[in-house]
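# Inside the fold
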Amino acid sequence: MEVLLGIGIALLTIIMIMIVRSLTTLFHELGHAIPALIFTKDQVKVFVGSHGDNEHPSLQLGRFQIYFKMSLLDWNIGMCESQRISDFWKRFFIIIGGPIASLCVSIPLYLLLMNDGLPYYLRFLLFVFLIAAAIDFFINIIPMSRSFRTHKGSIIYNDGYNLIALLARKGLSKEFLTVENKFLKEQYEDVISESTAMINGGKSSKQLYYLLAATYQKMGDYDNALDAYGVISTKYKLNHKDYYDLAVLYAEKQSYNRCIESLNHYLYINFSDAHALELRGQCKLYVGDYEAALKDIETAISLDKNLKSAWTFKFGALVKLDRREVAENALSEAMKTDSANPVLSYYQGIFCYNKDEYKQALEYLTIAEKHGLQFHDIQYKLSEVLRFLNFNNE
């Protein structure tokens, strides 16, 4: 009986911690939001229960807005979104404000727990709040290289990682910061010429090559962007995020096997990044590894239901595997969010071709071709469809 009672208390404690974490997360994010409201002039948004999902109930007070989403099973359930500023100390206080807020909750709770005269039930509630606040503090202040995805798809890190990144910027030269500011103003030609001059003058740095790579990528010059990462790999060291950035560049160049290799490195650390899994599944689909593609894409969908194109790639993998019944279900899901995607039109054309529905296949494949889709077999499939149609007309 005592064992069962102990198990029951432990389970109740875990459930209570999961519930009150929404409240302690709110306090943590307010620690970011208050200095952000002081130091910036734009809107400041706090998300409790998500990383930027604004499709849930919200409360707005002037420039400040809070979005609430119940998310009991997610330990990383908050985000503060504010205007990006360049001032070092203002950014420092915005970042450190969250952990300080968690400490401001934890320390008084700990001191109250030291009072032996409190009723048992109240001590239990205080203990639950203390554990939840302590979790908020430690999972944010300890730097973690593992990244998270916002609802919009961008990569973010915890407070400890951001503090280290901010401190690293303290040593950057004024010359570099001037060039970086031109990048933010989209003066890309100036960035390239001035960065190249700095490198030739012996003022190269890892951050400068990152800036060059980002500039070339913005200009659509993926070869030079990859060359910049090549220098980073040779002179410095690639980190896990570099591998994701490389994967995106390889995908743009349609170097799908190299993209998969880079994503393998990235996903070794960030194994639950739905966007990276979707991209790897897409590349595996394009190189003909359909079963592996389907596995990655289904995992991505299970992690993030909001992925816009994942159902298109799932449909494509099922079409290539000729699993028609489940492909129909995937197609209906893809049509809800991704109907304008020419890739979906291409796979609809292949689907109709496999079912001998040549008129519909011609319609979908023509749409894909008109959008400039460059799949190796699209011209062949179009010619085959036209041949069958002409044969049937004769």
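One can find the structure itself at the top, above this paragraph.
So, a few notes on the structure that sits alongside this text. Here the structure is a predicted model, which is why all the values come from computation and not from measurement. (Residues numbered from 1 in each chain as written. Predicted model: local features only at pLDDT ≥ 70, side-chain atom pairs only at ≥ 80, totals over all residues. Heavy atoms only, no water.)

## Concerning the pattern of salt bridges
Considering all chains together, one arrives at 15 salt bridges under this definition. Across the pair K336 and E333 runs a salt bridge whose closest N-O atoms are separated by 3.2 Å. Taken together, the residues span about one helical turn, with K336 and E333 both in helix α14 (residues 324-337) at a distance of 3 residues. Of the residues examined, K336 reaches a relative accessible area of 62% and is grouped as exposed. Here K355 makes a salt bridge to E357, at a shortest N to O gap of 3.8 Å. On the basis of relative accessibility, which here comes to 25%, the residue K355 falls in the partly exposed class. Under the relative-accessibility criterion, E357 is labelled partly exposed at 28%. Through salt bridges with shared partners, one network takes in R280, K284 and D296. (Salt bridge = Lys/Arg side-chain N within 4 Å of Asp/Glu carboxyl O. Helix = DSSP H or I, 4+ residues; strand = E, 2+ residues; numbered from the N terminus. Buried < 20%, exposed > 50% of the residue type's maximum accessible area, 1.4 Å probe, protein only.)

## Concerning helix α10 (residues 256-269)
Under the 1.5 Å per step criterion, the end-to-end length of α10 is 21 Å for 14 residues, consistent within 8% with the ideal 20 Å. Turning to α10, its buried residues number three or more, namely Y256, C259, I260, S262, L263, Y266 and L267. For α10, the elements touching its buried residues are β5 (148-149), β6 (155-156), α9 (240-252) and α11 (274-286). (Expected span 1.5 Å × (residues − 1). Contact = heavy atoms within 4.5 Å.)

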